[in-house]
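# Working through the structure, step by step
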Amino acid sequence: MKAIIIGSGLGGLLSAAKLSNAGYEVEVFERLPIIGGRFTNIPYKGFQLSTGALHMLPHGPSGPLAQLLEEIGANVKIVRGKPVSVIRIPRKRGDTDYKYGHKDLLFENFRTPFTLFNRIKLIYYVISTRKNPPSGKSFEQWCKEHIDQDWTYRISDSFFGWALSLKAADVPVEEAFAIIENLYHFGGPGVPMGGCKAITDALTGVIQSNGGKIHTSSEVTGLKIENGNVKGVLVNGEEHLTDIVISDIGHAATSHMIGENTGITGMDDYAHTSDNLKPSAGIKICLSSDKPLIGHGGVLLTPYARRVNGINEVTNIDPELAPEGKHLTMAHQCVHWKDMDDLENEIELGLEDLKDIFAGKEYEVLLIQSYSNEWPVNRSPSGADLKNKTPIPNLYVVGDGAKGKGGIEVEGIALGVKNCMQELMI
Ligand code: FAD
């Protein structure tokens, strides 16, 4: 059996590695000259910056991605930060920004700023929502009805902004609770030693050792479809025949490749639904410093910043991600769809935040990257993901447009790939 994979992002490589382990003849076509999509490193001034991700796996060494990598035989060391996550709050109660100083709260103590009444309610909801998970509204709406306090909105916007590049108002409550459950189950984030590229390199190694081929600078421009099945792909005008196609380019781009008026059952609905998915957008600001700005390898959530949702400093775990004696710190901020036309202002607000968060500390801004549309933070906003199937029985979609339920970012990609492989009985 032969499988062609469109795109060498994490979703494509995980699928190719799984299929090649199962004995499939595998060929991956990637339009860029590099492998890894939004999950590889960009060497810059001696730093290992990244094409997308912040060198961090949401559930570290015990999450779905780490488990899948182990199952595949892709060896990567993933180290969890200590502390795993910290929340920066203003020093004085009642302050609404960091201007007059700040203090850090361990994530496990996130209940402290709630009123006593809300803390009691929270204990009740932790138990009751497990039996009866809420549904049909956004996480923010649910909070308004149950724990209406300024802190609720700040911490949830900061957490979901960091983890999903979404505001709590845009996260369906079902998905939010599935994510919280996974956090308890799998634990907090970790850093792959060597950064994102360590993972995509390890997967490339598995694929190639199984005889699989990865072609870079090879854009797939069309699908050959006959009698409702995909028979092959078009690359540089050449036809490559196959038994199945796995697309790592999202449902919208895949549906555009299938085209209109195909007569395939369900195609109109599929095209309409996938075109309506709004990718989540964000901005990443990479900083260099001689001294650590955070001092640990976990996440620093910043709920009192104007725009920055959270920051990590990966060199506290893997010093090789920066030149000797330097630290690499990365700040992430969600860009709401309504602010997409004013990215420069969003960047300015992020830079202002960093001045307050790291007041009195010296750092240099290395690179500012913005992500949207075709190169977003997530192709599908979490909670709106479509499944892996398409109206064409032997054409599947993987990646961050087809994440599994409750899976944050690459953990969701791993869950989605597992679901897809189950469909293929692998
Ligand atoms: P991609 O990586 O986009 O792969 C798709 C590939 O397909 C690309 O290489 C593309 O060039 C190729 N392609 C497209 N069209 C064609 C075509 N026609 N023919 C051939 N090839 C084609 N996740 C985390 O878990 N942790 C984080 O810390 C984190 N931080 C993030 C921070 C930012 C700023 C961003 C942008 C993302 C972050 N993410 C994070 C999300 C994570 O990076 C992505 O979800 C993941 O890398 C997406 O992988 P993918 O395989 O779905 O898609």
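Residues numbered from 1 in each chain as written. Predicted model: local features only at pLDDT ≥ 70, side-chain atom pairs only at ≥ 80, totals over all residues. Heavy atoms only, no water.

Let's shift gears to the overall build of the chain. Helix and strand counts for the chain come out as 11 helices and 19 strands. Relative to its length of 426 residues, the chain is compact, with a C-alpha radius of gyration of 22 Å against a globular reference of 22 Å. In terms of overall dimensions, the chain has a C-alpha envelope of 65 × 50 × 40 Å along the principal axes. Counting every position in the chain, which comprises 426 residues, the buried fraction comes to 57%. Sequence-distant contacts in the chain: of pairs separated by 6 or more residues, those separated by 24 or more amount to 70%. Accessible surface, the chain as shown: approximately 18400 Å² in total, 50% of it carbon and sulfur. (Helix = DSSP H or I, 4+ residues; strand = E, 2+ residues; numbered from the N terminus. Rg over C-alpha atoms; globule rule 2.2 N^0.38 Å. Buried < 20%, exposed > 50% of the residue type's maximum accessible area, 1.4 Å probe, protein only. Contact = heavy atoms within 4.5 Å. Areas by Shrake-Rupley, 256 points an atom, 1.4 Å probe, with all protein chains shown as cover.)

Soluble globular proteins: nonpolar side chains tend toward being buried together. Grouped together as the largest cluster of nonpolar side chains are 62 residues, with contacts concentrated most on Phe139, Phe160, Ile311 and Leu328. Here this core takes 8 residues from helix α5 (residues 150-164), the largest share from any one element. With sequence-adjacent residues up to four places away left out, phenylalanine 160 is seen in contact with Phe139, Ser165, Leu166, Ala168, Val171, Ala176 and Ile179. Core analysis: the next-biggest nonpolar cluster, separate from the first, contains 40 residues, Ala3, Ala74, Ile244 and Ala414 among them. (Core = buried A, V, L, I, M, F, W, Y, C linked by side-chain atoms within 4.5 Å.)

Around the ligand, 34 residues are found, and the nearest of them are Glu30, Arg38, Met56, Asp400 and Glu409. Take glycine 9: an N or O atom from its main chain is 3.5 Å from an oxygen atom of the ligand. Considered on its own, the ligand offers 1000 Å² of accessible surface; in the complex 97% of this is hidden by protein. Of all the secondary-structure elements, those providing two or more residues to the shell around the ligand are α1 (10-21) and α11 (409-423). Considering every element that reaches the shell around the ligand, the biggest residue donor is α11, with 3 residues. Grouping the constituent residues of the shell around the ligand by class yields 17 nonpolar, 9 polar and 8 charged. (Near = heavy atom within 4 Å. Polar contact = N/O pair within 3.5 Å; in protein donor to acceptor, adjacent residues only side chain to side chain. Nonpolar A, V, L, I, M, F, W, Y, C, P; charged D, E, K, R; others polar.)

Next up on the list: the pattern of salt bridges. A side chain of one charge can pair with a side chain of the opposite charge if their charged atoms are brought near each other. Taken as a whole and judged by the stated rule, the model has 23 salt bridges. Note that arginine 38 and aspartate 400 form a salt bridge whose closest N and O atoms lie 2.7 Å from each other. Here arginine 38 is found in the loop between β2 (25-29) and β3 (41-44), whereas its partner aspartate 400 is found in the loop between β19 (395-397) and α11, with 362 residues between them in sequence. Relative accessible area serves as the criterion here: at 15%, arginine 38 is assigned to the buried category. Note that glutamate 140 is salt-bridged to lysine 144, the shortest N-O span being 3.5 Å. Of this pair, glutamate 140 and lysine 144 both sit in helix α4 (residues 139-146), 4 residues apart, which is roughly one turn of the helix. (Salt bridge = Lys/Arg side-chain N within 4 Å of Asp/Glu carboxyl O.)

Strand order across the open sheet formed by 7 strands is β7-β6-β15-β16-β17-β14-β18, with mixed pairing between neighbours. Each of the sheet's edge strands pairs with one partner strand only, and the pair in question is β7 (102-106) and β18 (364-371). Going from strand to strand, the sheet's axes swing by 25 degrees on average, the running direction of each strand aside. Relative to strand β16 (residues 310-313), strand β15 (residues 299-301) runs antiparallel, the two sharing 3 bridges. Residue pairing for β16: leucine 301 is matched across the bridge by glycine 310. Most of the contacts of α5 go to β15, to which it runs at about 140 degrees, and overall it touches β6 (85-90), β15, β16 and β17 (327-335). Its contacts with the sheet put helix α10 (residues 343-357) on β6, β7, β14 (281-289), β15, β16, β17 and β18, and the angle it makes with β14 is roughly 40 degrees. (Pairing = 2+ DSSP bridges. Axes fitted to C-alpha atoms, helices over the stretch in contact; angles between N-to-C directions.)

Time to look at helix α3 (residues 116-131). For α3, built from 16 residues, the straight-helix expectation of 22 Å at 1.5 Å per residue is met to within 8% by its first-to-last C-alpha distance of 24 Å. Its maximal kink placed at tyrosine 125, α3 deviates by approximately 25 degrees. Of the positions making up α3, those classed as buried are Asn118, Leu122, Tyr125, Ser128 and Thr129. Residues of α3 that are buried in the fold lie against α4 and α6 (173-186). (Expected span 1.5 Å × (residues − 1). Bend = angle between axes of the 7 residues up to and from the residue.)

Once that is clear, we can look at α1. If you check α1, its first and last C-alpha atoms are 16 Å apart, about what 12 residues at 1.5 Å a residue would give, namely 16 Å. Burial within α1 is extensive, with 11 of its 12 residues counted as buried. Of the residues making up α1, those classed as buried are Leu10, Gly11, Gly12, Leu13, Leu14, Ser15, Ala16, Ala17, Lys18, Leu19 and Ser20. Positive phi shows up at glycine 23, right after α1, with a value of about 95 degrees.

Moving on, we come to the domain arrangement of the chain. When its domains are assigned, the chain resolves into domain 1 (2-42 + 194-277 + 380-423) and domain 2 (111-186). Summarising the inter-unit geometry, the C-alpha centres of domain 1 and domain 2 are found 33 Å apart. Tallying the contact residues gives 8 residues for domain 1 and 11 residues for domain 2. For the pairing of domain 1 and domain 2, the buried interface totals around 830 Å² over both sides, and the portion due to carbon and sulfur atoms is 59%. Of all residues in domain 1, the largest losses of buried area upon contact with domain 2 belong to Ser382, Gly406 and Ile408, amounting jointly to 55% of the total for that side. Inspection of the region where domain 1 meets domain 2 yields 0 salt bridges. Counting across the domain 1 and domain 2 interface gives 2 residue pairs in polar contact (both at pLDDT 80 or more). Across the side of domain 1 that touches domain 2, the residue classes tally to 2 nonpolar, 4 polar and 2 charged. (Domains from an automatic or database assignment. Buried area = accessible area lost by both parts, 1.4 Å probe.)

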